[in-house]
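What follows is the residue order along each chain.
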Amino acid sequence: MCIQTDLIAHHKGLASYLVAAMEKHIVIGASGQLGIELIIGMQARYGVNAVVACDIIKSNDKDVNKSEFISLDATDINSVRKILKTGEFTHVYHLVAMLSAKGEENPIAGWDLNMKSLLNVLECAKEGFVKRVFWPSSIAVFGPNAPKIKTSQDTFCDPTTVYGVSKVAGELWAKYYFEHYGVDVRSVRYPGLIGHRSKPGGGTTDYAVEAFYCALDSKPFVCYLDKDEALPMMHMDDAVRATLDIMEAPCENIKTRTSYNLSGCSFSPSELNYELSKFVSNFITEYNPDYRQKIAASWPDSIDDSEAKNDWGWESEFSTSKLVKHMLDGLKSIV
Ligand code: AKB
């Protein structure tokens, strides 16, 4: 009886190993802040040859470049189709986006990039070239009328930025392609992401990453947000794990086909200054709020991610103090 059970378990284990061995992952937008970390996380989980990086410009990260690179403009559907049509890839991670602050400087360009590239990937997925799609949404889907504390999954979404509007629209398109064409597209709403391997660009939460660089250079940090403007944040290791876990979850567990709320930790610039001061004595933050403060003020302070926990077992591993220590250690390891 016991031997039989063991044998069945062994066969099941072998079967899932063989299925995983046949899977190949392509990351579009691989040279950005998240793409670099995701590629490295996937190399560790699936192997260097199971991952391919795609972007307009190749990253200069030597670890990322252990995997194959393909040059791609994701706004050109023929180029996207040419790559996916080869049938080589089972999983697509479509990360291309213009973030919140940059999007406010170029609203039409932000909308065009975010929507066109997403619809191109969804169309190719509909044509049956890939098994599964990941596309990130963001806390930017929320606006001034959503509750600020522990903002729930299904609360009112009235974003004030073009980036946020494109994320709400993208979520609805993801659900549409799932319901009408059976495209298995999965998504999480990332908070501000903090990682040491590459700098973010064009976001409102980017201030937090800049603060670490100033702290290590012993320079005062000039923050463009108010000192008490709390925002949801997440360490990259958590973000990468969430991404790979939701992509590996059984299909029947994915009950939200717009996008899942995801929570890591939450802090304000003054709380970050306090945590950094524990490691860098005399670290000073000065405050000079600009247009990004208004964006930050329209977003939640903290997020309720009960659905992600219940449906596919999500659990954050980083408190604010752990995030700060890991980020500092990470930055020191690369200088
Ligand atoms: C931004 O600040 O625009 C992004 C986000 C919260 O999606 N980091």
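Scroll up for the structure.
One structure accompanies this document, and this report is about it. (Residues numbered from 1 in each chain as written. Predicted model: local features only at pLDDT ≥ 70, side-chain atom pairs only at ≥ 80, totals over all residues. Heavy atoms only, no water.)

### Overview of the packing of helix H2 (residues 33-46) against helix H8 (residues 236-248)
Next up, step 1: Axis separation between H2 and H8 bottoms out at 9 Å; the angle between their running directions is 60°. Judged on the interaxial angle alone, H8 and H2 are oblique. Of the two possible hands of crossing, H2 and H8 adopt the one that is right-handed. Across from Gln33, Leu34, Glu37, Leu38, Gly41, Met42, Arg45 and Tyr46 in H2, the residues of H8 making contact are Met236, Val240, Arg241, Thr243, Leu244, Asp245 and Glu248.
Next up, step 2: The residue makeup of the contact of H2 with H8, split by class, is seven nonpolar, three polar and five charged. (Axes fitted to C-alpha atoms, helices over the stretch in contact; angles between N-to-C directions. Helix = DSSP H or I, 4+ residues; strand = E, 2+ residues; numbered from the N terminus. Parallel < 35°, antiparallel > 145°, perpendicular 65-115°, else oblique. Left-handed = near helix turned anticlockwise from the far one by under 90°. Contact = heavy atoms within 4.5 Å. Nonpolar A, V, L, I, M, F, W, Y, C, P; charged D, E, K, R; others polar.)

### What to know about the environment of Gly143
Next up, step 1: Position of Gly143 among the secondary structure elements: in the loop between strand E6 (137-138) and helix H6 (162-181).
Next up, step 2: Under the relative-accessibility criterion, Gly143 is labelled buried at 1%.
Next up, step 3: Contact partners of Gly143, with chain neighbours within four places excluded, come to Lys148, Asp158, Pro159 and Ser298. (Buried < 20%, exposed > 50% of the residue type's maximum accessible area, 1.4 Å probe, protein only.)

### Brief notes about the packing of helix H7 (residues 207-216) against helix H9 (residues 269-277)
Next up, step 1: Put simply, H7 and H9 touch, their axes get as near as 11 Å, and they point 30° apart. Classed by the angle they form, the pair H7 and H9 counts as roughly parallel. In this structure, H7 crosses over H9, and the sense of that crossing is right-handed. Of the residues in H9, those touching H7 at Tyr207, Ala208, Ala211, Phe212 and Ala215 are Pro269, Leu272 and Leu276.
Next up, step 2: Here the contact of H7 with H9 is composed, by residue class, of eight nonpolar, no polar and no charged.

### Quick look at the site of the ligand
Next up, step 1: Leu99, Ser100, Ser138, Ile139, Tyr163, Gly203, Thr204, Thr205 and Trp299 make up every residue found near the ligand.
Next up, step 2: At a separation of 2.7 Å, an oxygen atom of the ligand approaches a polar side-chain atom of Ser138.
Next up, step 3: Between the ligand and Thr205, the relevant distance is 2.9 Å, taken from a nitrogen atom to a side-chain nitrogen or oxygen of the residue.
Next up, step 4: If the ligand stood free it would expose 250 Å²; the protein chains cover 93% of that surface. (Near = heavy atom within 4 Å. Polar contact = N/O pair within 3.5 Å; in protein donor to acceptor, adjacent residues only side chain to side chain. Areas by Shrake-Rupley, 256 points an atom, 1.4 Å probe, with all protein chains shown as cover.)

### So, the nonpolar core
Next up, step 1: Grouped together as the largest cluster of nonpolar side chains are 37 residues, with contacts concentrated most on Tyr207, Phe212, Leu272 and Leu276.
Next up, step 2: Sorting the residues of this core by element identifies H6, H7, strand E10 (221-223), strand E11 (231-235), strand E13 (265-267), H9, helix H10 (291-297) and helix H12 (320-334) as the ones contributing at least two each.
Next up, step 3: Per element, the largest residue contribution to this core is seven residues, and it comes from H7.
Next up, step 4: In terms of nonpolar packing, the next biggest core, distinct from the first, is built from 32 residues, Ala30, Leu95, Ile254 and Leu262 among them. (Core = buried A, V, L, I, M, F, W, Y, C linked by side-chain atoms within 4.5 Å.)

### Side note on the sheet that holds E11
The strands making up a sheet are joined through hydrogen bonds of the backbone, oriented either antiparallel or parallel.
Next up, step 1: Strand order across the open sheet formed by three strands is E9-E11-E13, with mixed pairing between neighbours. Bordering the open sheet on either side are strand E9 (192-194) and E13, each of which pairs with just one other strand. Neighbouring strand axes in the sheet, compared pairwise and without regard to direction, differ in orientation by 45° on average.
Next up, step 2: Strands E9, E11 and E13 of the sheet are contacted by H7, whose axis makes an angle of about 25° with E9. (Pairing = 2+ DSSP bridges.)

### Here we look at unusual backbone geometry
Next up, step 1: The backbone of Lys150 shows a phi angle near 50°, a positive value even though the residue is not glycine.
Next up, step 2: In this structure, Ser218 is a non-glycine residue whose phi angle is positive, near 55°.
Next up, step 3: Structurally, the position occupied by Ser218 is in the loop between H7 and E10.
Next up, step 4: The class for Ser218 is exposed, based on a relative accessible area of 66%.

### Observations concerning the pairing of strand E2 (residues 51-55)
Next up, step 1: Counting buried residues along E2, five of its five residues qualify, which places the element largely inside the surrounding structure.
Next up, step 2: Burial along E2 is two-sided: Val51, Ala53 and Asp55 facing one way and Val52 and Cys54 facing the other are all buried.
Next up, step 3: Alignment of strand E1 (residues 25-28) against E2, held across four bridges, turns out to be parallel. In the strand pairing of E2, Ile28 is matched with Cys54.
Next up, step 4: Where the polypeptide runs from E1 across H2 and back to E2, its parallel neighbour, the crossover connection is right-handed.
Next up, step 5: Pairing of E2 with strand E3 (residues 68-71), which is carried by four bridges, proceeds in the parallel orientation. Counted as the bridge partner of Ala53 is Phe69 from E3. (Right-handed = clockwise from strand over helix to strand, strands pointing away.)

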